[in-house]
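Now for the letters of each chain:
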Amino acid sequence: MHEFDWSSIPGSLPFLWQGMKVSLEITISAVVFGIVWGTLLALMRLSAIGPLAWLAAGYVNLFRAVPLVMVLLWFFLIVPHLLESLFDLPRGADVRLISAITGFALFEAAYYSEIIRAGIQSVPKGQMAAASALGMTYAQAMRLVVLPQAFRNMVPLLLTQGIILFQDTSLVYVSALADFFGAAYKVGDRDGRLVEMLLFAGAIYFVLCLGASRIVRHYQNKLKTA
Amino acid sequence: MISMNKVSKHYGTFQVLAECTTQVQKGEVIVVCGPSGSGKSTLIKCVNGLEPFQSGEIIVNGISVGDPRTNLSKLRSTVGMVFQNFELFPHMSIIDNLCIAQLKVLGRTREQARDKGCRLLDRVGLGAQAEKYPGQLSGGQQQRVAIARALAMDPICMLFDEPTSALDPEMVNEVLDVMTELAQEGMTMMCVTHEMGFARRVANRVIFMDQGRIVEDDSKEAFFEHARSERAQQFLAKILHH
Ligand SMILES: Nc1ncnc2c1ncn2[C@@H]1O[C@H](COP(=O)(O)OP(=O)(O)O)[C@@H](O)[C@H]1O
Ligand SMILES: [Mg+2]
């Protein structure tokens, strides 16, 4: 029987915290960028301009049809070369974080755009008509009337997607980037306490994600009663 | 003020509007009625370009609605419209509902807009509700806010699309009273409504539509005394005797 030994956890907390910061940094940047780019994709897809709608649909379908880990690997392999050729970076500069964020953001945008598209369509058509009848342009009506209502309805779904994204950040291990999961793995590997460290990391993910989804549920109920 | 000449619209092979022709003079109140699905909403939405049409011509205050060079947003900002389902913006307070287009479309200052908004709310009897949200108001109150919101733009004419048909019966009159007052002040109005009492009180002319056609377009006296078409007679019989 395996004897549990948790002694490597206290000393490695600062290192694990560094990893957690990487995970959160990727999550937050990808959520923000993913929502912005996802909104643009959704607007393109709903637009009356054929080629724009077609382009957005192609993008969304492409990214939804390939595994995330593959996208991350592509970006891990491509982005450094791209950046080096564009910006003349110092040799060996660490662009893994940037390539990870780019990969996540572009991938998540495809999912966000579908959530946002459904959200826009859930706003009654009459709202756009009323805004237009007041003399607002299409862009003003979208920005001032339709999108605020769409986002208010979508917040729970967007946050839930953010929680999934937070869990998925552990996939950056393919680029040997030390996020929280990667950091826990390294410590466990170093001390020969892999099982304990992975159990500990799992418990942290569990607590954080459960807490976050509770908050989302609470907000959702508040929306319903409002 | 509004002139329509042979306006036609179709969805595929389905003809929604067939060569509709009519005129609305400044200060006139026109009531549009007819059975459900006869094209009343479509007709009235063509006036401010919310619905495109395929042929014919609509001129509003000298501007051609169908002309691709027309700045439709600008034209719409001069034509007030009130919808069956109010369509207040639920994420904004009542006063913000009245101010938003004044600020963003007309470029008024916040002070001017609030001032105007408050005055109009007082006028429709809702001055005390300014800071509430649409969801906290009754249907009749919401529709009065919607009328005030349209008036805040200082429109040259007003379009109403069945403004009372989503309301509980006891709230119909509070909305009709506001509309009657507006008509008596000389506002040019085109109202889709089945409220024949309102039509008798304030309309100058009544238009009766059936299957996308303007079947009757006559003074209200002529319409109520001796509607020419059988369809209109049937319609009147049904609506007045129930
Ligand atoms: N987007 C659409 N596509 C096809 N038919 C439509 C569409 N919108 C309205 N119609 C049809 O046009 C006709 C007129 O509609 P409408 O103007 O709303 O009538 P009313 O307001 O008199 O009840 C109806 O038969 C309706 O089914
Ligand atoms: Mg209608």
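Up top you'll find the structure we're talking about.
It should be emphasised that the depicted structure is a prediction, and the values quoted were computed from it without experimental measurement. (Residues numbered from 1 in each chain as written. Chains lettered and ligands numbered in written order. Predicted model: local features only at pLDDT ≥ 70, side-chain atom pairs only at ≥ 80, totals over all residues. Heavy atoms only, no water.)

A. Fine view of the site of ligand 1. Residues and elements named next belong to chain B. For ligand 1, the full set of nearby residues is Tyr11, Phe14, Val16, Pro35, Ser36, Gly37, Ser38, Gly39, Lys40, Ser41 and Thr42. Interatomic distance of 2.8 Å between a side-chain N/O atom of Lys40 and an oxygen atom of ligand 1. Of all the elements in the fold, those that place two or more residues in the shell around ligand 1 are strand E2 (14-24) and helix H1 (40-47). The greatest single-element share of the shell around ligand 1, amounting to three residues, is contributed by H1. The residue inventory of the shell around ligand 1, partitioned by class, reads four nonpolar, six polar and one charged. (Near = heavy atom within 4 Å. Polar contact = N/O pair within 3.5 Å; in protein donor to acceptor, adjacent residues only side chain to side chain. Helix = DSSP H or I, 4+ residues; strand = E, 2+ residues; numbered from the N terminus. Nonpolar A, V, L, I, M, F, W, Y, C, P; charged D, E, K, R; others polar.)

B. Structural context of the sheet that holds strand E5 (residues 63-64) of chain B. All names here are of chain B. On the basis of which strands lie adjacent, the open sheet formed by four strands has the order E2-E1-E4-E5 and antiparallel pairing. One side of each edge strand has no neighbouring strand; the edge strands of this open sheet are E2 and E5. Those strands touched by H1 are strand E1 (2-11), E2 and strand E4 (55-60), and its axis lies near 55° from that of E2. (Pairing = 2+ DSSP bridges. Contact = heavy atoms within 4.5 Å. Axes fitted to C-alpha atoms, helices over the stretch in contact; angles between N-to-C directions.)

C. Representation of the side chain of Ser229 of chain B. In this structure, Ser229 of chain B sits in the loop between helix H8 (220-226) and helix H9 (230-240). The residues contacting Ser229 of chain B, other than those within four sequence positions of it, are Val215 and Glu216 of chain B.

D. The arrangement of the environment of Lys9 of chain B in detail. Residues and elements named next belong to chain B. Within the secondary structure, Lys9 sits in strand E1. Separated by 47 residues in the primary sequence, Lys9 and Gly56 have C-alpha atoms spaced 9.0 Å apart. Side-chain polar atoms of Lys9 contact the side chain of Glu51, separated by 3.4 Å.

E. Highlighting the nonpolar core. Met136 of chain A together with Phe89 and Met190 of chain B are the most contacted members of the largest nonpolar core, which totals 84 residues. The element contributing the most residues to this core is helix H4 (residues 96-122) of chain A, with 11 residues. Contact partners of Met190 of chain B, with chain neighbours within four places excluded, come to Ile2, Met4, Val24, Ile30, Val32, Leu43, Ile44, Val47, Met158, Leu159 and Phe160 of chain B. Counting 52 residues, the second largest nonpolar core, distinct from the first, contains Cys33, Cys99, Phe160 and Val172 of chain B. (Core = buried A, V, L, I, M, F, W, Y, C linked by side-chain atoms within 4.5 Å. Buried < 20%, exposed > 50% of the residue type's maximum accessible area, 1.4 Å probe, protein only.)

F. Focus on the sheet that holds strand E8 (residues 188-192) of chain B. Residue and element names in this part refer to chain B. With mixed pairing, six strands are arranged side by side in an open sheet as E6-E7-E8-E3-E9-E10. Pairing within the sheet leaves two strands with one partner each, and these edge strands are strand E6 (79-82) and strand E10 (213-219). Taken over all neighbouring pairs, the strand axes of this sheet differ in orientation by 15° on average, direction set aside. Pairing between strand E7 (residues 157-161) and E8: five bridges, direction parallel. By the bridge assignment, Phe160 is partnered in E8 with Cys191. Running over the sheet, H9 touches strand E3 (29-33), strand E9 (205-210) and E10 and is turned about 105° from E9.

Nothing here speaks to function; it is geometry throughout.
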